[in-house]
Amino acid sequence: MIYFCLGVGLLFSILTRFLQVRHFKEMIKLMLEGKSSKAGVSSFQALAIALSGRVGTGNIAGTATAIGFGGPGAVFWMWMIAFIGASSAFVESALAQVYKVKQDGEYRGGPAYYIEKGIGWKWYGITFAVAALAAMSLLMPGVQSNSIAEGLDNAFNINPSVTGIFLVVILAAIIFGGVKRIANVAQYVVPFMAIGYVLVSLIIVAFHIPQIPEVLSLIFRSAFSFDSAFGGIVGSAIMWGVKRGIYSNEAGQGTGAHPAAAAEVSHPAKQGLVQAFSVYIDTWLVCTATAFMILFTGMYNVQNEADKTFIVENIPNVEAGTAFTQEAIESVLPGFGSGFVAVSLFFFAFTTIMAYYYIAETNIAYLMRGRNNKIPMFLLKIVLLGTTYYGAVKTADIAWALGDLGLGIMVWLNLIAILILAKPALRVLKDYEEQKKAGLDPVFDSRKLGIKNAEYWEGGYQEDRGNTEEKVS
């Protein structure tokens, strides 16, 4: 899966002529444009929901684990997978917009929809929807709630059972309020938590400014086996950097495509570019913030997985994970680290569970089209709340193993689909660029481009369109 993700991301980067570089300024501009409608959310709200899913425990515990088993060089490979993965994020999000539908008064879309409509394989769409439903409601919420419970227990001695109950109550208040409530919570909480976290990391770096060249050099040397200490584990650096990078930024996984489809935009490429930028925010800002705090303070151990020996053991008896970040902050701001990381983990992981619910709900909507889905939607809420509590009180090993399983299934199914659908995605990008070059505000027309089964866009975009519900085959 690691090689497949790298290969697909690199292929799309070449085919799109590295849009992640060429359209960088456009991404930032589009992120702040647009508005919500009765059926859809604004580009920024869709970005916030996507970031809710991308920015989670992978940014704190995942980054620390990557350093713990892959060395400082793993950070470079996390950066690389974000850069390459931005093109995959564009493709899946643009496709989600192209093949979106209006269902039960709301825009719905994602891999299951574009697999069925774009490829014509309904059985494959159903397979993805079932896999995503299992991953988002059963396998992956536990990773997030487990990290929250562990962080609060370490910092404030709060019993995991109490944390689990608290999470269930707050989560229920939000998810029973529907998509709009999720979007409203995400658009305020996500920027606040990300900015606050990055600011603390800048304070840590400010205390170690003379070490900037040394740390950057260490990252690059370790990534390419030029460092005497970490040269022997360059394979682990690549594996852990890519694995945790994919887990964190979710590019190619298909998760970001679900909220992308909900955005009210005049052209699918607009939301594709916004979602590509969300990968940068996740990895280049938040994961890098964690990595810099750990590396600049030296609060980490690196273990060789092959023989279980320590290459570096700066903090004996401290396991790889959240504790690295807590120790790093404590070394500069005594009495602040454990509490700050615990609170950060709460916001990061909680909003991720919130995004998981939205993705699971979208796949229930896909599977139940044309039928009454009230009971399945209610059962979904109960199952997700139950697995959230279960994850909080179980061990981290079980939670991460289930999370990796859920992630792997979705990545395989989605990457194969977007490879098959590369042609319409590239047409979308070309059409957008041609209209921009002509000085127009791009408007999409699926008929004009010969893209079939994109009923929403037939005849061109109209803000009030979508009043007719999808015709269920």
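The name an unreviewed UniProt entry assigns to the protein chain is Alanine:cation symporter family protein, from the organism Fictibacillus nanhaiensis. Quoted verbatim from the Sequence similarities (unreviewed entry) field of UniProt, the annotation for the protein chain is "Belongs to the alanine or glycine:cation symporter (AGCS) (TC 2.A.25) family." Under Subcellular location (unreviewed entry), UniProt gives the following word-for-word description of the protein chain: "Cell membrane".

J.: Would you mind showing me how to read the state of the cysteines here?
T.: In protein chemistry, a disulfide is the covalent bond that joins the sulfur atoms of two cysteines. The full count for this structure, using the stated rule, is zero disulfides. Unpaired in this structure, Cys5 has its nearest cysteine sulfur neighbour in Cys287, at a distance of 15 Å. Take Cys5: its relative accessible area is 6%, and that puts it in the buried class.

J.: Explain the pattern of salt bridges to me, please; I cannot follow it from the model alone.
T.: Pairing of side chains with opposite charge becomes possible as their charged atoms draw close. Scanning the entire structure with this criterion turns up nine salt bridges. Glu106 serves as the salt-bridge partner of Arg108, at 3.3 Å between the closest nitrogen and oxygen. In this structure, the salt-bridge partner of Arg108 is Glu361, at a minimum N-O distance of 2.7 Å. Residue Arg108 is found in strand β2 (residues 106–108), and its partner Glu361 is found in helix α17 (residues 337–367); the two are separated by 253 residues along the sequence. Here Arg108 matches Glu361 in class, with each residue buried. Each member of the salt-bridge network shares a partner with another, and the members are Arg17, Arg22 and Glu433.

J.: Explanation requested: the side chain of Lys100 in the structure shown.
T.: Looking at the element boundaries, Lys100 is found in the loop between α6 (73–98) and β1 (101–103). Summary of buried charges: Lys100 has no salt-bridge partner, and the nearest side chain of opposite charge, Glu264, is 5.4 Å away. Separated by 3.1 Å, the side chain of Lys100 and the backbone oxygen of Ala263 make a polar contact. Contacts of Lys100, omitting those with residues within four sequence positions, involve Tyr107, Arg108, Gly109, Ala261, Ala263, Tyr456 and Trp457.

J.: Just to check I follow, could you spell out the environment of Gly71 for this structure?
T.: In this fold, Gly71 is placed in the loop between α5 (57–70) and α6. Residue Gly71 is classed as buried on the basis of its relative accessible area, which comes to 0%. Separated by 148 residues in the primary sequence, Gly71 and Ile219 have C-alpha atoms spaced 8.4 Å apart.

J.: It is not clear to me how unusual backbone geometry should be interpreted in this structure. Could you clarify?
T.: Phi is mostly negative for residues that are not glycine, and the peptide bonds are mostly trans. Non-glycine residue Asn157 carries a positive phi angle of around 55 degrees. For Asn157, the position within the fold is in the loop between α9 (141–156) and α10 (160–175). A residue is classified by how much of its surface remains accessible, and Asn157, at 67% relative accessible area, is exposed. In the Ramachandran plot, Asn453 falls in the positive-phi region, its phi being about 65 degrees despite a non-glycine side chain. Of note, Asn453 is situated in the segment after α20 (422–437).

J.: Where do I start with a nonpolar patch on the surface in this structure?
T.: Nonpolar side chains collect at one region of the surface, where Ile165, Phe166, Val169, Ile170, Tyr389 and Val393 lie side by side and expose about 490 Å² of accessible area between them. Elements supplying a minimum of two residues to the nonpolar patch: α10 and α18 (374–393). Looking at where Val393 falls in the secondary structure, it is placed in helix α18. Residue Val393 is classed as partly exposed on the basis of its relative accessible area of 33%.

J.: I keep staring at the side chain of Ser87 and nothing clicks. Help me out?
T.: Tracing the sequence through the fold places Ser87 in helix α6. Residue Ser87 is classed as buried on the basis of its relative accessible area of 0%.

J.: Hey, could you run me through the environment of Val198 in this one?
T.: As for its placement among the helices and strands, Val198 is situated in helix α11 (residues 179–206). In this structure, the C-alpha to C-alpha distance between Val198 and Cys287, residues 89 residues apart in sequence, is 9.3 Å. If near-sequence neighbours (up to four positions away) are discounted, Val198 is found in contact with Leu285 and Ala289.

Cut-offs and rules
Residues numbered from 1 in each chain as written. Predicted model: local features only at pLDDT ≥ 70, side-chain atom pairs only at ≥ 80, totals over all residues. Heavy atoms only, no water. UniProt positions renumbered as here; feature names shortened; annotations may be inferred. Disulfide = S-S within 2.5 Å. Buried < 20%, exposed > 50% of the residue type's maximum accessible area, 1.4 Å probe, protein only. Salt bridge = Lys/Arg side-chain N within 4 Å of Asp/Glu carboxyl O. Helix = DSSP H or I, 4+ residues; strand = E, 2+ residues; numbered from the N terminus. Lys, Arg positive; Asp, Glu negative; His and termini not counted. Polar contact = N/O pair within 3.5 Å; in protein donor to acceptor, adjacent residues only side chain to side chain. Contact = heavy atoms within 4.5 Å. Patch = residues over 30% accessible without salt bridge, like charges linked within 9 Å, V, L, I, M, F, W, Y side chains within 5 Å. Areas by Shrake-Rupley, 256 points an atom, 1.4 Å probe, with all protein chains shown as cover.

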